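Descriptive structure summary
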Amino acid sequence: MRGPLGAVLGRYPSSDGTTENEGIIRHNRKCRDVAFLVIFIAFWVAMIVNSSFGFNQGNPLRLTYGLDYKGNVCGDKHAHPGLHQLELKYWLNPDQVYQSGVKSSQFELSNARSICLLDCPTPLEDSLSWVCDYPEPEGDIHLSMDDWIDRNYDYYELLSPEMRNASLQLQGPCYPVIFPSVNVYWSCQFIARASNASLRHWKQMGGVDINEDIVIDKSIHSFIDSRSSVLKRYMADIGKAWPVLIVCGGLLPLFLSVVWLLMIRHFVVAMPWITVALFNILIITVTMFYYLKAGWIGNDAITPIIGEHDPYIHVFGRELNHLRAAAILMTFVMVLSVLTSIAIVRRILMGTSVLKATALHLFSSGQVVQNDCNTHCCAYDLVSKKVNCDRCCGYSIRYTPHIGVAIFFHLFGCYWATKFFIACSSTVIAGSVASYYWTRGETSPEIPILPVFASMKRLVRYSLGSVALGSLIVSFVESVRFILDSFRRKLKVADTTPDSWLGKIGYHTSQGCLRCIEWTIKSVNQNAYIMIAITGKSFCRSSAIATELIMNNILRIERVNVIGDVILFLGKLFVSLSSAVLGFLVLDTHKYSSGHNKLSSPLFPVLVCWALGYVVATLFFAVVEMSIDTLILSYCQDSEEHQGTAQFAPLLLVETLDDQNDAQRLTQ
């Protein structure tokens with residue numbers, strides 16, 4: 001058994017038996033866990049270096065716009081030729097698009113010849129329109145990019161007979177516009193409905209056969225709707241919606257958290273009821289928004305088509321399926337929340353007495369490289385003035401393994417930093433509240449004039465290493481739990497019970513590790529930071545002290561903590577859901593539903609708003625949570641040091657926690 005903490009709390013006896021006063025929570029402290037503070041600083045230096053790689057190599061435009069056949073990003077004004085405002089990727093050769101969709105063909109759409117345009121071309125009804133390759137100053141076509149755009153990308157009439165013959169063989173430099181196309185996420189998706197007039201003119205001119213199969217539609221759609229393309233668009237949505245994230249994910253939760261804390265200060269009895277009611281209203285509102293954007297209510301479903309288009313053309317993408325899945329999930333959450341709220345009504349009656357831009361660049365920092373393909377294709381080269389069959393491979397973005405490591409490193413660093421700052425705030429609050437408790441209230445002359453700054457000074461001077469260690473342990477353990485849980489899920493999806501003995505060992509071992517990790521997370525919690533603030537001990541020692549106190553007073557602590565934690569958790573959800581609702585409303589405006597700022601889906605930005613709002617609310621509500629936990633642990637320690645009777649506790653706390661008052665309190 002550890003000894004009493006009298007030597008670190010308030011007055012304590014000196015070596016000669018007399019009582020000395022060294023101030024509140026002051027004693028012979030010294031720096032603890034310094035090595036982990038050094039590791040934390042070194043990790044941040046490495047994160048800065050890691051981020052610089054993303055800023056140097058990344059280009060967020062790649063997440064939104066495609067690459068042309070030269071490897072340029074559409075819309076990039078620094079490309080050659082300059083592609084400023086030319087943001088739509090258009091595939092020139094319809095035969096290559098068709099071949100890329102045939103299962104028996106090895107031709108890939110990324111190798112099909114594509115250029116960047118202002119808008120998607122449409123066939124003419126009375127003649128054949130053309131889209132020609134970029135004009136080259138060194139070739140026979142002496143046009144500037146502006147002239148090319150003004151001519152609607154068509155300089156077929158300027159071609160020599162040789163060039164015209166190559167164009168009729170679908171070898172360029174000009175290609176016929178046979179199929180209508182629409183702007184789907186900044187790529188011109190063909191509609192497998194060829195223009196009869198254009199096709200007739202094409203055949204009259206002696207053009208080669210063009211296949212009209214629906215494969216030409218599905219090929220581009222599969223390319224645009226691939227998992228990697230959807231993930232890139234989600235990341236791009238974050239970049240487009242950053243003003244909304246700042247306001248709805250940062251400033252609004254800040255304001256609502258202050259309001260909620262003020263209300264719980266003055267309306268403590270009514271706040272549990274208000275919080276439960278508002279929480280249920282908001283969870284229902286968010287669910288209805290998901291139903292609205294998923295198209296199950298009204299006619300406001302998200303569409304991947306950008307700009308005006310034929311209303312009879314319908315294109316669906318993965319984003320809509322994701323929204324519908326989210327709507328179903330929110331339905332279950334809503335029902336569970338309402339039922340839970342009804343179940344805790346009786347508990348509330350007993351509990352009212354006591355009451356968290358670099359990633360974009362890292363994600364886009366792959367190298368633009370030419371594909372290695374064995375496909376035979378030819379196109380007219382305006383520079384060499386002949387049909388070239390040597391360079392038909394397109395370009396794509398290749399991600400090397402170190403980029404994945406860099407992204408994981410950055411995400412883990414951000415998560416560790418978040419846990420570190422939360423731990424720092426918790427320790428400062430705990431030190432301030434403990435000063436209040438161990439002086440018998442705010443009127444004592446022994447309490448520091450500025451207890452928050454005094455607690456902050458102790459943290460910075462002595463305990464930053466301990467906080468860095470604690471946040472590292474929690475971050476590492478939760479990361480390992482996530483990895484093991486993913487491993488266990490994959491085994492379960494593959495086969496509920498693996499047949500091989502190695503698979504069975506891996507399956508059951510991961511389950512056992514998960515249980516150990518969950519137990520560790522419950523043990524290494526904010527109570528350790530409370531004891532760090534009070535005793536100045538190292539993280540491990542403080543965790544042991546806190547755990548022993550909790551185990552010795554488990555019933556007394558849980559009686560008060562359960563309902564307090566539930567109400568505070570609902571308060572965090574209220575703040576974060578309010579942020580999500582406002583984010584939904586802002587992202588549903590014309591600014592974010594059309595033009596350059598059109599989002600592929602509001603799902604990801606809204607989830608980020610929700611997460612940011614929850615983090616901000618957590619940081620603010622930590623004041624209340626840490627105050628409650630610090631008072632309870634101080635009370636438990638006070639009782640242990642005075643034979644079961646707390647000497648420093650306020651009267652209300654004694655009446656709430658004292659075992660002798662249980663029967664009287666339950667009767668009331």
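An unreviewed UniProt entry lists the protein under the name Choline transporter-like protein, from Hibiscus sabdariffa. Annotation of the protein in UniProt includes, under Function (unreviewed entry), the sentence "Choline transporter." The UniProt entry for the protein carries this comment under Sequence similarities (unreviewed entry): "Belongs to the CTL (choline transporter-like) family."

Turning our eyes to something else, we now look at the overall build of the protein. Helices and strands together make up the secondary structure of the protein, namely 22 helices and 12 strands. Counting every atom, the protein has about 33000 Å² of accessible surface; 61% of that belongs to carbon and sulfur.

Moving on: the packing of helix 10 (residues 271-293) against helix 20 (residues 603-641). Where helix 10 contacts helix 20, the two axes come as close as 12 Å, and the packing angle between them is 165°. The orientation of helix 10 relative to helix 20 falls into the category roughly antiparallel. Relative to helix 20, helix 10 is oriented so that their crossing is left-handed. Between helix 10, through I283, V286 and Y290, and helix 20, the contact on the second element is made entirely by L603, V606, L607 and W610. Class assignment of the residues belonging to the contact of helix 10 with helix 20 gives a composition of 7 nonpolar, no polar and no charged.

Let us look at a nonpolar patch on the surface. Nonpolar side chains collect at one region of the surface, where I284, M288, W296, I297, I328, F332 and V338 lie side by side and expose about 620 Å² of accessible area between them. Ranked by residues supplied to the nonpolar patch, first place goes to helix 11 (residues 318-343) with 3 residues. Mapped onto the secondary structure, F332 falls in helix 11.

The N-to-C vectors of helix 8 (residues 227-240) and helix 20 enclose an angle of 55°; their axes lie 8 Å apart at closest approach. In terms of orientation, helix 8 and helix 20 fall into the oblique class. For the crossing formed where helix 8 meets helix 20, the hand is right-handed. The segment helix 8 lies against helix 20, with Y234, M235, D237 and I238 engaging L603, F604, P605 and V608. Here the contact of helix 8 with helix 20 is composed, by residue class, of 7 nonpolar, no polar and 1 charged.

Now for the state of the cysteines. As enumerated under the stated definition, the model contains 3 disulfides in all. For C132, the disulfide goes to C174, at an S-S distance of 2.0 Å. Residues C132 and C174 are joined through a disulfide that is right-handed, its torsion about the S-S bond being 100°. Of the two residues, C132 sits in strand 5 (residues 130-132) while C174 sits in strand 6 (residues 174-176), which places them 42 residues apart along the sequence. For the pair C132 and C174, one class covers both residues: buried.

This paragraph deals with the side chain of S579. Secondary-structure assignment places S579 in helix 19 (residues 554-587). Among residues more than four places away in sequence, those in contact with S579 are C248, L252, P253, C609 and G613.

Quick look at unusual backbone geometry now. Within the chain, Q85 stands out as a residue other than glycine whose phi angle is a positive 75°. Positive phi outside glycine occurs at N152, with the angle close to 60°. Mapped onto the fold, N152 is located in the loop between helix 4 (145-150) and helix 5 (161-168).

What follows concerns the environment of R541. On the secondary structure map, R541 appears in helix 18 (residues 539-552). When the C-alpha positions of R541 and M531 are compared, they lie 8.9 Å apart, and in sequence the two are 10 residues distant.

Next up on the list: the pattern of salt bridges. Enumeration according to the criterion identifies 5 salt bridges in this entry. For D133, the salt bridge goes to R113, with nearest N and O atoms at 3.1 Å. In this pair, D133 is assigned in the loop between strand 5 and helix 4 and R113 in the loop between helix 3 (94-101) and strand 4 (114-117), connecting sequence segments 20 residues apart. Overall, D133 belongs to the buried group, its relative accessible area being 3%. Residues K293 and D588 are paired through a salt bridge, measuring 2.6 Å at the closest nitrogen-oxygen approach. Look at K293 and you get buried, because its relative accessible area is 8%.

The next thing to look at is helix 1 (residues 34-57). With 24 residues, helix 1 ought to run about 34 Å at 1.5 Å a step, and its terminal C-alpha atoms sit 35 Å apart, in line with that. Turning to helix 1, its buried residues are F40, F43, M47, N50, S51 and G54.

Annotation from UniProt places "transmembrane region" (unreviewed entry) at residues 34-55, 241-263, 270-292, 325-345, 459-484, 566-587 and 603-624. Between the C-alpha atoms that bound residues 241-263 there is a distance of 31 Å. The span itself is 96% helix and 0% strand. The annotated region residues 603-624 carries 100% helix and 0% strand content, and the separation between its end C-alpha atoms amounts to 31 Å.

For the rest of this paragraph, the subject is the packing of aromatic side chains. Applying the stated rule across the entire model yields 22 aromatic pairs. A ring pair is formed by Y134 and W148, whose centres lie 5.5 Å apart and whose planes are at 70°; its orientation type is edge-to-face. Taken together, the residues span a long stretch of sequence, with Y134 in the loop between strand 5 and helix 4 and W148 in helix 4 at a distance of 14 residues. With respect to class, Y134 is no different from W148; both count as buried. Measuring from ring centre to ring centre gives 5.6 Å for F420 and F421, while their planes differ by 75°; the resulting arrangement is edge-to-face. Overall, the relative accessible area of 6% leaves F420 in the buried class. Among the aromatic residues, ring-to-ring pairing joins F40, F43, F409, F412, W416, F420 and F421 into one connected group. A cation over an aromatic ring shows up here: R113 above the ring of Y69, its NZ or CZ 3.8 Å from the ring centre.

Further remarks concern the pairing of strand 7 (residues 181-184). The two faces of strand 7 match: S181 and N183 on one face and V182 and V184 on the other face are all buried. For strand 7 and strand 8 (residues 187-190), the ladder comprises 4 bridges, and the chain directions are antiparallel. Bridging from a neighbouring strand, V184 pairs with S187 of strand 8. Count of turn residues in the strand 7/strand 8 antiparallel hairpin: 2 residues, of which Y185 carries a positive phi of about 50°.

It is worth spelling out helix 17 (residues 526-535) at this point. By the criterion of burial, helix 17 is predominantly enclosed, with 9 of the 10 residues buried. For helix 17, every residue scored as buried is listed here: N527, A528, Y529, I530, M531, I532, A533, I534 and T535. G536 occupies a position one or two residues after helix 17 and carries a positive phi of about 75°.

Definitions and cut-offs
- Residues numbered from 1 in each chain as written.
- Predicted model: local features only at pLDDT ≥ 70, side-chain atom pairs only at ≥ 80, totals over all residues.
- Heavy atoms only, no water.
- UniProt positions renumbered as here; feature names shortened; annotations may be inferred.
- Helix = DSSP H or I, 4+ residues; strand = E, 2+ residues; numbered from the N terminus.
- Areas by Shrake-Rupley, 256 points an atom, 1.4 Å probe, with all protein chains shown as cover.
- Axes fitted to C-alpha atoms, helices over the stretch in contact; angles between N-to-C directions.
- Parallel < 35°, antiparallel > 145°, perpendicular 65-115°, else oblique.
- Left-handed = near helix turned anticlockwise from the far one by under 90°.
- Contact = heavy atoms within 4.5 Å.
- Nonpolar A, V, L, I, M, F, W, Y, C, P; charged D, E, K, R; others polar.
- Patch = residues over 30% accessible without salt bridge, like charges linked within 9 Å, V, L, I, M, F, W, Y side chains within 5 Å.
- Salt bridge = Lys/Arg side-chain N within 4 Å of Asp/Glu carboxyl O.
- Disulfide = S-S within 2.5 Å.
- Buried < 20%, exposed > 50% of the residue type's maximum accessible area, 1.4 Å probe, protein only.
- Expected span 1.5 Å × (residues − 1).
- Phe/Tyr/Trp six-rings, centres within 6.5 Å; stacked < 30°, edge-to-face > 60°.
- Lys NZ or Arg CZ within 6 Å of the ring centre and 35° of its normal.
- Pairing = 2+ DSSP bridges.

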